[in-house]
Amino acid sequence: QVQLVESGGGLVQAGGSLRLSCAASGSPFSINDMGWYRQPPGKQRELVATASSGGNTNYADSVQGRFTISRDNAKNTVYLQMNSLKPGDTAVYYCYARILADARWTNYWGQGTQVAVSS
């Protein structure tokens, strides 16, 4: 069974940095897109950034220029480097991956990691 395991959340002051990691593990599989979504308190889940298996990236306007998504395909891991953090970035961050396993494409989600930015 495929699992996504996240790490790297925490509490940071405005202007600070955090790095999130998400590793996929389990039965033999292939990964297409990987990325990060977030859910601020009292709001819906929203896209933060995605990265295709070929290296194409996409960012929400609100994080463009401050966050960087990257992948290590050999480790089945996606990273999110978050710089110049703002209180508005406070949210639960969820890792996402579209994975081919057992001859079927499925969207997988991590358990979520809390990021809190104080002013």
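All values reported here derive from a predicted model rather than from experimental measurement.

Asks: Please explain the packing of aromatic side chains as it appears in this structure.
Replies: Describing an aromatic ring pair means giving the distance of the ring centres and the angle of the ring planes. Summed over all chains, the structure comprises three aromatic pairs. With 5.1 Å between their ring centres and 70° between their planes, Tyr37 and Trp109 make a pair best called edge-to-face. Taken together, the residues Tyr37 in strand E4 (residues 30-39) and Trp109 in strand E10 (residues 104-109) connect sequence positions 72 residues apart. Residues Tyr96 and Trp109 carry aromatic rings whose centres are separated by 5.3 Å and whose planes lie at 50° to one another, so their mutual orientation is tilted.

Asks: Would you mind going over the side chain of Thr50 with me for this structure?
Replies: Mapped onto the elements, Thr50 comes out in strand E5 (residues 46-51). In this structure Thr50 comes out as buried when scored by relative accessible area, which is 17%. When sequence neighbours within four positions are dropped, the list of residues in contact with Thr50 reads Met34, Gly35, Asn56, Thr57, Asn58 and Ile69.

Asks: In this structure, what is going on with the pattern of salt bridges? I would like to understand it.
Replies: Pairs may arise between side chains of opposite charge once their charged atoms sit close together. The full count for this structure, using the stated rule, is three salt bridges. A salt bridge links Glu46 to Arg38, with the shortest nitrogen-to-oxygen separation between them at 2.7 Å. By sharing partners, the salt bridges in this structure join Arg38, Glu46, Arg66 and Asp89 into a single network.

Asks: Just checking my understanding: could you explain the nonpolar core for this structure?
Replies: Grouped burial of nonpolar side chains is what soluble globular proteins tend to show. Core analysis: the biggest nonpolar cluster contains 30 residues, and Trp36, Leu80, Met82 and Tyr93 have the highest contact counts within it. Secondary-structure elements contributing two or more residues to this core are strand E3 (18-25), E4, E5, strand E7 (67-72), strand E8 (77-82), strand E9 (91-101) and strand E11 (113-118). Ranked by residues supplied to this core, first place goes to E9 with six residues.

Asks: How should I be thinking about the sheet that holds strand E1 (residues 3-7) in this particular structure?
Replies: Think of a sheet as strands paired side by side through backbone hydrogen bonds, with each pair either parallel or antiparallel. With respect to topology, four strands assemble into an open sheet ordered E1-E3-E8-E7, the strand pairing being antiparallel. The sheet is open, and its two edges are formed by E1 and E7, each paired on a single side. Averaged over all pairs of adjacent strands, the angle between strand axes in this sheet comes to 15°, irrespective of strand direction. Here six bridges tie E3 to E8, and the two strands are oriented antiparallel to one another. When the sheet's bridge partners are listed, Ala23 is paired in E8 with Thr77.

Asks: What am I meant to see in the environment of Ser21 here?
Replies: By secondary structure assignment, the location of Ser21 is in strand E3. Residues Ser21 and Arg104, 83 residues apart in the sequence, show an inter-C-alpha distance of 25 Å. Not counting residues within four places of it along the chain, the set of residues in contact with Ser21 comprises Val5, Glu6, Ser7, Trp36, Val78 and Tyr79.

The rules behind each value
Residues numbered from 1 in each chain as written. Predicted model: local features only at pLDDT ≥ 70, side-chain atom pairs only at ≥ 80, totals over all residues. Heavy atoms only, no water. Phe/Tyr/Trp six-rings, centres within 6.5 Å; stacked < 30°, edge-to-face > 60°. Helix = DSSP H or I, 4+ residues; strand = E, 2+ residues; numbered from the N terminus. Buried < 20%, exposed > 50% of the residue type's maximum accessible area, 1.4 Å probe, protein only. Contact = heavy atoms within 4.5 Å. Salt bridge = Lys/Arg side-chain N within 4 Å of Asp/Glu carboxyl O. Core = buried A, V, L, I, M, F, W, Y, C linked by side-chain atoms within 4.5 Å. Pairing = 2+ DSSP bridges. Axes fitted to C-alpha atoms, helices over the stretch in contact; angles between N-to-C directions.

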